[in-house]
Every structure is written in structure tokens, then in C-alpha cells.
Amino acid sequence: EAGVAQSPRYKIIEKRQSVAFWCNPISGHATLYWYQQILGQGPKLLIQFQNNGVVDDSQLPKDRFSAERLKGVDSTLKIQPAKLEDSAVYLCASSLVIEQYFGPGTRLTVT
Amino acid sequence: KNEVEQSPQNLTAQEGEFITINCSYSVGISALHWLQQHPGGGIVSLFMLSSGKKKHGRLIATINIQEKHSSLHITASHPRDSAVYICAVDSLGNEKLTFGTGTRLTIIP
């Protein structure tokens, strides 16, 4: 069974630029999560989708972050414009029931 | 105070040593997860526990629901066990994980 796929694996951008991350969850998993993990901290939930609907985006900085999950499968997370404090690993996870399966993450560095 | 606390934050040990990482939580949970994160960033799920004890190879995870405490043990540790180990809890089955800040384990050959 293929795992959660994410791309790119690494991205370096300058502040005020835009960036987008892509996630392909495990086939059949209805729930998809985006997490932000700042160095030395545990992951923080940014947004949770159930199929193509948003369940929780209370911690998503909506002035600069956006996410969509068209057709209830793949998802993209966008940051526009990026700030230095956005440097982090962005993790995507999917679940069928309770257990979440994580992707390899995208390491973003904002300079 | 964080809802999920881990100790120690950092742990360095010699190859072959028995390792224990602790996790305490303050909320009611339906399940507790132990996760492993290597330097590249990806996270692998090691265990999901709701009671008792689970074993997989050299890894053992235990949970005491009454005391709101879990431990992850590694027997005969090896340098490839070097990683960040993260404890996370499912608060009453709402599909949202609350994460600890992780324990960085380094095993020296």
C-alpha cells in the first residue's frame, strides 16, 4: 500500500514570496490533515479536511495561508506571502478511522 | 502547561543500553500514539495504545490510563534508533492529535 506522498521535499524561498505544497493521501482515506512543525516543537494542526470539506481550520493563519482539497483526494497548502517565521516542516497526514499516517514532510526555509 | 509532556527532552546513550522515554498527559484520551521522526522530517507511527502494553521487535510501549502516563522502551539500543520520539494523544476520539514536543534520542556506537 502506497503511503502519503508529499512534494516538494525541500523548498527555500525569500520572504514575501509565495510557495505551494502538495499532498496525496493514502487511497480511500477521507480525512486529511496539514501540520506545521517548527524546529524543536511538536506538530501543530493547521487544517483538517473530511473529504473536500473543512472540519477545522481554527489555527490556520488565513491572512497568508490557504488550503484546498478539490475532489476530496489531493490537497495543496499555499503560503502567500511567506514570512521568516514560516520556516518549518509541513506535514500532511491522512486517516481512515483514528490512526493517522504521515507523509515525509516538506522542509521550508524562508530567508 | 502543555496537555502532553515528555521527558527527557534529550537523551544520549551508548549502543546496547536500555532506553526509556516517558509521556504524561492531562486530558481524557481514547488512544495514545508513539511516533518516530527522523532528521528528514517524515513521521512513522510506532504504536497506538489504549490500554496495557504492546511490543514490536525491540520496542515496547506501555500505558497506565489511571495515572495518565505512558512509556516507550527500547531494548539493545542501536545507532539507527537515533531519532525524535513523539508522544501524541487522541482526545476522546475526536480525530485530533495533541502532540508532545518530542524526545531527541542519540545512540552512540
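Going by the structure above, here's the rest.
Here is a short report on the structure shown in this document. Please read all numbers here as calculations on a predicted model, not as lab measurements.

The partner chain B presents 18 residues to the 25 residues of chain A that form the contact. Across the chain A/chain B interface, buried area totals approximately 1600 Å², and carbon plus sulfur atoms make up 53% of it. When residues of chain A are sorted by the area they lose upon contact with chain B, Ile98, Glu99 and Phe102 of chain A head the list and together hold 31% of the total. Of all the secondary structure elements, the ones that give two or more residues to the side of chain A that touches chain B are strand 4 (31–37), strand 5 (44–50), strand 6 (53–56), strand 9 (88–95) and strand 10 (100–102) of chain A. Among the residues forming the side of chain A that touches chain B, the class breakdown is 11 nonpolar, 10 polar and 4 charged.

We now examine the nonpolar core. In terms of nonpolar packing, the biggest core is built from 23 residues, with Leu32 and Trp34 of chain B touching the most fellow members. Taken together, the elements giving at least two residues each to this core come down to strand 3 (19–25), strand 4 (31–37), strand 5 (43–49), strand 7 (59–64), strand 8 (69–74), strand 9 (83–90) and strand 11 (103–108) of chain B. With residues near it in sequence (within four places) discarded, Leu32 of chain B still touches Cys23, Tyr25, Phe47, Met48, Leu49, Ile63, Ser70, Cys87, Ala88 and Val89 of chain B. Counting residues in each nonpolar core, the second largest holds 21 residues, with Val19, Phe21, Ile26 and Val110 of chain A among its members.

All right, on to the state of the cysteines then. Residue and element names in this part refer to chain B. What the rule picks out here adds up to 2 disulfides over all chains. Paired through a disulfide, Cys23 and Cys87 show a sulfur-sulfur distance of 2.0 Å. Judged by the torsion about the S-S bond (-65 degrees), the Cys23/Cys87 disulfide is left-handed. Of the two residues, Cys23 is situated in strand 3 and Cys87 in strand 9; the sequence distance between them amounts to 64 residues. We note that Cys23, like Cys87, is buried.

The rules behind each value
Residues numbered from 1 in each chain as written. Chains lettered and ligands numbered in written order. Predicted model: local features only at pLDDT ≥ 70, side-chain atom pairs only at ≥ 80, totals over all residues. Heavy atoms only, no water. Contact = heavy atoms within 4.5 Å. Buried area = accessible area lost by both parts, 1.4 Å probe. Helix = DSSP H or I, 4+ residues; strand = E, 2+ residues; numbered from the N terminus. Nonpolar A, V, L, I, M, F, W, Y, C, P; charged D, E, K, R; others polar. Core = buried A, V, L, I, M, F, W, Y, C linked by side-chain atoms within 4.5 Å. Buried < 20%, exposed > 50% of the residue type's maximum accessible area, 1.4 Å probe, protein only. Disulfide = S-S within 2.5 Å.

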